[in-house]
Amino acid sequence: MMLRNSTNPDDLPGNNSDTGLGNVERVLVPILDVLILTLGVWGHTMVMVILCRRRRRGSRPTGQVPQHSLTGTGTDVLILALSAADLLLLSVLPFHTVAIALQNWPFGDVVCRLVGFLGSACASASSFTLATLAVSRYLTVVRPATAFTRLSPRRVSAVAAALWIPACCLAAPQLAFRFVGTPQRTRDGHACFSFLSHRDQLIYGLFHFLVAFLFPLVTIAVAYIRIYMFLWGSRRAGRMPQVERYQSKVTHTSAMLVLAFTLCWLPSYGMTLALVADKTSGATGSSPRYGAFTVFARLMATSSTVMNPILYVLMSQKFRQDFIRVFKKERKNGSAEVAMAAT
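The model shown is predicted, which means the values in this text are computed figures rather than measured ones. (Residues numbered from 1 in each chain as written. Predicted model: local features only at pLDDT ≥ 70, side-chain atom pairs only at ≥ 80, totals over all residues. Heavy atoms only, no water.)

Draft legend 1. Looking closely at helix α3 (residues 93-102). Those residues of α3 not exposed but buried are Leu-93, His-96, Thr-97, Ala-99 and Ile-100. Across the axial projection of α3, the buried residues extend over an arc of 165 degrees, all falling on one side. Gln-103 sits one or two positions beyond α3 and adopts a positive phi of about 55 degrees. (Buried < 20%, exposed > 50% of the residue type's maximum accessible area, 1.4 Å probe, protein only. Helix = DSSP H or I, 4+ residues; strand = E, 2+ residues; numbered from the N terminus. Arc of directions from axis to C-beta.)

Structure (structure tokens):
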């Protein structure tokens, strides 16, 4: 989505040196955005409903410890936090869609600041949550005794909420310095910019890349390498009981979430670094175009908001069962309402 930096094509909707590509963007981007917005909101709403019902079932007194009191509950809390961040990220998508379709930023200075702040904060919170999920999986698989004492639902919830503090701090410059202006070499229209100077944009772009993308990615890589080394050693030693097999499946699903997030956001961060490294870009000039790759990078970034629910359904049998159960219940309730209305 490239919501973090103003020098990207999304933040310069009026800046288009390639008329043909601009016309394609004005038609194609709104269609794809509506599809992504619909799938994303529906998918993450279903995820949140399923996880909330799962937690409610797990908290009922049944005379025994819930099945996921050690592993599932902490993971579910972090997945719930991921869905919440993605839903907030989707909430700013229509503003960029309209700006691209109109080739103009019509929402004013306040909305420009809020959209930039919320987009940056949500993207950072997602990467921090994925890193926390990786550390949680490491403790659960490799050090279950430590996980049992430290990964209580209340503690995990507090950590998930606290992750928004550094995310909002990283996004604070967007709220403070964004403004609406008119790009150079543009016939008309306004754009939503972040910084007055190329130097400030370069410092912020690099710092955001290191803190909100590279550092979480390194943390995730180290955690999952340690996990897979432990599982590989257990398999070779012939000690893979049922619990460890379950942990292996959950770990594979979590690793796929990280891989999907990385692949979806990598083109956008690559574009950001290319733009901030170009001295012709910035708030006082027009950013360069990279042809169809611009559209591709934006599509990949926006697609990140719909990937998680798809992966849950494809990789988790338990989630598929919960999804079918919720769908059947909603269908039954709908049929009952229709029958009552008919009578």
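Back to the text.
Draft legend 2. Here's a closer look at the confidence of the model for the protein. Summing up the model confidence of the protein, the mean pLDDT is 77 and the portion of residues at 70 or higher is 73%. Across the protein, helix α7 (residues 164-177) holds the top mean pLDDT of 93, while helix α11 (residues 317-342) sits lowest at 67. Low pLDDT, under 50, characterises residues 61-71; the stretch is placed with 13 contacts to residues that sit more than four places away or in other chains. (pLDDT = per-residue confidence, 0-100. Contact = heavy atoms within 4.5 Å.)

Draft legend 3. How the structure looks around the packing of aromatic side chains. Taken as a whole, this structure holds 7 aromatic pairs when the rule is applied. Centroid distance Phe-261 to Trp-265: 6.2 Å. Interplanar angle 45 degrees. Geometry classified as tilted. With a gap of 4 residues between them, Phe-261 and Trp-265 both fall in helix α9 (residues 242-276), about one helical turn apart. Neither Phe-261 nor Trp-265 differs from the other in exposure class; each is buried. Taken together, the ring pairs in this structure connect Phe-209, Phe-213, Phe-261, Trp-265 and Tyr-269 into an aromatic cluster. (Phe/Tyr/Trp six-rings, centres within 6.5 Å; stacked < 30°, edge-to-face > 60°.)

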